[in-house]
Amino acid sequence: MKQVLNIIAGILVVVGLMMAAGAGGDCDGKCMEYANTLTETVVYGAIGLMLMLSGAVVFIINESRS
């Protein structure tokens, strides 16, 4: 069970990292009509950070249990 929780926590951290890193996007101004608004960027970044934080908390709690 401990290993399953560690795998789930790892997935949460990786998905959160990818989501937070990709929130800003990068099109060098050539695709502004498809760019995210500032609100969307902040929301995606915040969701990514929360996923990373949730995964880290699961890691910490799972490590403290014996």
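Our subject is the structure that appears above.
Now for a quick tour of the structure. (Residues numbered from 1 in each chain as written. Predicted model: local features only at pLDDT ≥ 70, side-chain atom pairs only at ≥ 80, totals over all residues. Heavy atoms only, no water.)

Broken down by element type, the protein carries 2 helices and 0 strands. Its C-alpha radius of gyration of 16 Å places the protein more than 25% over the 11 Å reference for a compact globule of 66 residues. Projected onto its principal axes, the C-alpha coordinates of the protein cover approximately 55 × 15 × 10 Å. Looking at the protein as a whole, 14% of its 66 residues are labelled buried. A total accessible area of about 5,000 Å² is found for the protein, and carbon and sulfur atoms account for 70% of it. (Helix = DSSP H or I, 4+ residues; strand = E, 2+ residues; numbered from the N terminus. Rg over C-alpha atoms; globule rule 2.2 N^0.38 Å. Buried < 20%, exposed > 50% of the residue type's maximum accessible area, 1.4 Å probe, protein only. Areas by Shrake-Rupley, 256 points an atom, 1.4 Å probe, with all protein chains shown as cover.)

It is worth spelling out the packing of helix α1 (residues 2-22) against helix α2 (residues 38-64) at this point. The geometry of α1 relative to α2 is characterised by a closest axis approach of 7 Å and an angle of 160 degrees between their N-to-C directions. Between α1 and α2, the angle is such that the two are roughly antiparallel. Here α1 runs over α2; the crossing is left-handed. Within the contact of α1 with α2, the residues separate by chemical class into 16 nonpolar, 8 polar and 2 charged. (Axes fitted to C-alpha atoms, helices over the stretch in contact; angles between N-to-C directions. Parallel < 35°, antiparallel > 145°, perpendicular 65-115°, else oblique. Left-handed = near helix turned anticlockwise from the far one by under 90°. Nonpolar A, V, L, I, M, F, W, Y, C, P; charged D, E, K, R; others polar.)

Note that L53 resides in helix α2. Since its relative accessible area comes to 49%, L53 is described here as partly exposed. It is 7.4 Å that separates the C-alpha atoms of L53 and V13, two residues lying 40 residues apart in sequence.

Time to look at α1. The end-to-end C-alpha distance of α1, which contains 21 residues, comes to 30 Å, matching closely the 30 Å that a straight helix rising 1.5 Å per residue would cover. Among the residues making up α1, those that are buried are A9, G10 and G16. One side of α1 carries all its buried residues, which in axial view fall inside an arc of 135 degrees. Along α1, exposed side chains directed more than 90 degrees from the buried face belong to Q3, I11 and M18. Those residues of α1 hidden inside the fold are in contact with α2. (Expected span 1.5 Å × (residues − 1). Arc of directions from axis to C-beta. Contact = heavy atoms within 4.5 Å.)

Now for α2. Along its 27 residues, α2 runs 39 Å from first to last C-alpha, staying within 8% of the 39 Å computed at 1.5 Å per residue. Taken as a whole, α2 has its buried residues at G45, G48, M52, G55 and N62.

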